[in-house]
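Structural overview
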Amino acid sequence: MVQSYDVLVIGGGIIGLSCGYYLTKQGKRVVVLESGGFADGASGACDDMILFQSKKPGINLELAFESLELYKSLVGELEDSLGFANYGGMVLIENERELEVMEEFVMQQRSYGLDVEILTKAAMRKKQPFLHERFIASTYSPMDSQAYPFAVMHKFARKGRQMGMQVVHKSPVVGIQKDGTGDFLVTTAQNMQYRAPHVVNAAGAWAGKVADLIGLNVPMEPRRGQIIITEKIPAIGETNLWSAKYLVTKLKPGIQIDSTEEEKRLGLAFALTRTEGDSYLIGSTREFVGYDKRTTMEGIRAIINQAVSFIPVLKDVNFIRAIAGLRPATPDGKMVLGEHAGVSGFFTAAGHEGDGISLAPITGKLLADMVCEGRSDARLEELSPNRFASNAKEVS
Amino acid sequence: MQRIIEHPVLGPLPEVPMVKIIVDGEQMEAREGEMIAAALIATGKKYFRKTIKTHEPRGIYCGIGRCTDCVMTVNGIPNVRTCITPVEEGMVIETQMGYGVWKQEQ
Ligand SMILES: Cc1cc2nc3c(=O)[nH]c(=O)nc-3n(C[C@H](O)[C@H](O)[C@H](O)COP(=O)(O)OP(=O)(O)OC[C@H]3O[C@@H](n4cnc5c(N)ncnc54)[C@H](O)[C@@H]3O)c2cc1C
Ligand code: FES
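Thoughts on the sheet that holds strand 6 (residues 57-58) of chain B
Sheet architecture is open: 3 strands sit in the order 6-5-10 (chain B), paired in mixed fashion. Taken across any chain shown, the strands that pair with only one partner, and hence form the sheet edges, are strand 6 and strand 10 (96-97) of chain B.

What follows is the structure in structure tokens.
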């Protein structure tokens, strides 16, 4: 039997559920098809940061501002705290070279409207008394926030269902066709068929494979991230933290930063956030290892050693879990959002890499506007899937 | 002192040197090598911490390092499982409120 809808969303991670929620809110009949279960993808194995400081001025930073405002209104709309909190964030600076790059970056971000400053060592230590002595300064932004991804996904699904959205688990999409009427016919591994005039590919790191089912090209690579979760502990400092080192190498690829071979291979960067449950999430790695989402001894050990070298009191803290997820990474570091020129009615919303939690609400909202009103901002042009060449293979 | 001096299976309690520990500011004696929890129970202390939300007293529960019910602040480190941590001469042991606090001089 074929079931008919207005929109089929493929992938039930935070992006697929956000798209489903905002589409349903605009009156569409939506089904979200997820190959696994709840929170099976990256959205169930990640940190919880809504970060501004890591973003280069441009579309990502702009959308992050809008997403933060949406998060604030979602707390009421979805009738849940969503683990939303606003502890602010600090980027830790180890030496003069990093300081120079960060000073310039902070200036750029300020001119873009981000509330961020450089703190002296004394001011930094006042907010973070447990830091290792070696840090010479830090940035501080009161805007950096966080939300609990499981709660966000769960409440998108709950509210969506109340309005008629369907979420079907254990339904890997294995075939996508366009039939004579111009509708899409989507087949799952169970041989269930779904029909709709619109399809949204929100399959995260798997979005390339899903696009491939209808002959489209979406270059997407899984980038593994491992993190550890501590027991409940007394607070360490006032804000969430991460290291300038990673940001500096991203901003100024030419600059010499002393990293060990292991650090480079693992793409190790320090990130520390306090959860609503008083545990800490400590990360993380950024590795290209295909679709392998296991944790590794090497990764966990490197994260722990790094964490203790940043905050020595952590040496006496137990970690209770280690998890890994696959970030969806595009070649140019920007998400893919929009309709494919070759196949009208087929949209992709994926490729958020390390920003999918921050950007989920705005992604869903923009996608719903595109589908429902055929509307797309000119500023979103740079996110269009059509930016990747050899895309336009006409399917009838 | 509440100790089993004559155990039906293990026999008599062997002689061992004693160490001094400080529990909530009070000096006490413990048998060298025994776990903090054992030493405290021997002194009659029943609660080791209070829970963070409802401030209920907690003490030993599993006794084998799994449940974390017995945690205290030991030498300034919060959340130490006292049932699997041996006493040491001069050890400072404190009843913990909630998750405790970090002592800064680490
Ligand atoms: C360690 C780590 C830390 C991170 N920290 C942060 C952070 O602090 N802040 C932040 O904003 N972001 C963070 N991220 C990034 C964030 O997790 C991702 O960007 C986000 O989860 C991507 O969401 P998604 O819905 O696109 O992908 P996913 O959650 O992976 O969802 C895609 C879903 O599609 C399903 N699927 C795949 N193929 C098919 C198919 N054929 N049919 C049906 N379903 C299919 C998958 O099962 C999966 O559930 C982090 C990621 C990691 C790994
Ligand atoms: S009593 Fe269970 S861990 Fe100590």
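Examining the domain arrangement of chain A
Residue and element names in this part refer to chain A. Domain boundaries in chain A define domain 1 (2-44 + 150-219 + 332-391) and domain 2 (89-142 + 221-329). With 12 residues of domain 1 at the interface, the matching set in domain 2 holds 11 residues. The junction of domain 1 with domain 2 conceals about 960 Å² of combined surface from both sides, 57% of it contributed by carbon and sulfur atoms. Inspection of the region where domain 1 meets domain 2 yields 2 salt bridges. Put simply, domain 1 and domain 2 have 5 residue pairs in polar contact (both at pLDDT 80 or more) between them. Looking at the side of domain 1 that touches domain 2 residue by residue, the classes come out as 4 nonpolar, 5 polar and 3 charged.

Some thoughts on the interface of chain B and chain A
In this assembly, 11 residues from chain B lie in contact with 15 residues from chain A. Summing the contributions of chain B and of chain A, the shared interface buries around 1100 Å²; its carbon and sulfur component is 62%. For the pair chain B and chain A, the number of links is 0 salt bridges. In this structure, the connection of chain B to chain A is made through 3 residue pairs in polar contact (both at pLDDT 80 or more). Class assignment for the residues of the side of chain B that touches chain A results in 5 nonpolar, 4 polar and 2 charged.

Thresholds applied
- Residues numbered from 1 in each chain as written.
- Chains lettered and ligands numbered in written order.
- Predicted model: local features only at pLDDT ≥ 70, side-chain atom pairs only at ≥ 80, totals over all residues.
- Heavy atoms only, no water.
- Pairing = 2+ DSSP bridges.
- Helix = DSSP H or I, 4+ residues; strand = E, 2+ residues; numbered from the N terminus.
- Domains from an automatic or database assignment.
- Contact = heavy atoms within 4.5 Å.
- Buried area = accessible area lost by both parts, 1.4 Å probe.
- Salt bridge = Lys/Arg side-chain N within 4 Å of Asp/Glu carboxyl O.
- Polar contact = N/O pair within 3.5 Å; in protein donor to acceptor, adjacent residues only side chain to side chain.
- Nonpolar A, V, L, I, M, F, W, Y, C, P; charged D, E, K, R; others polar.

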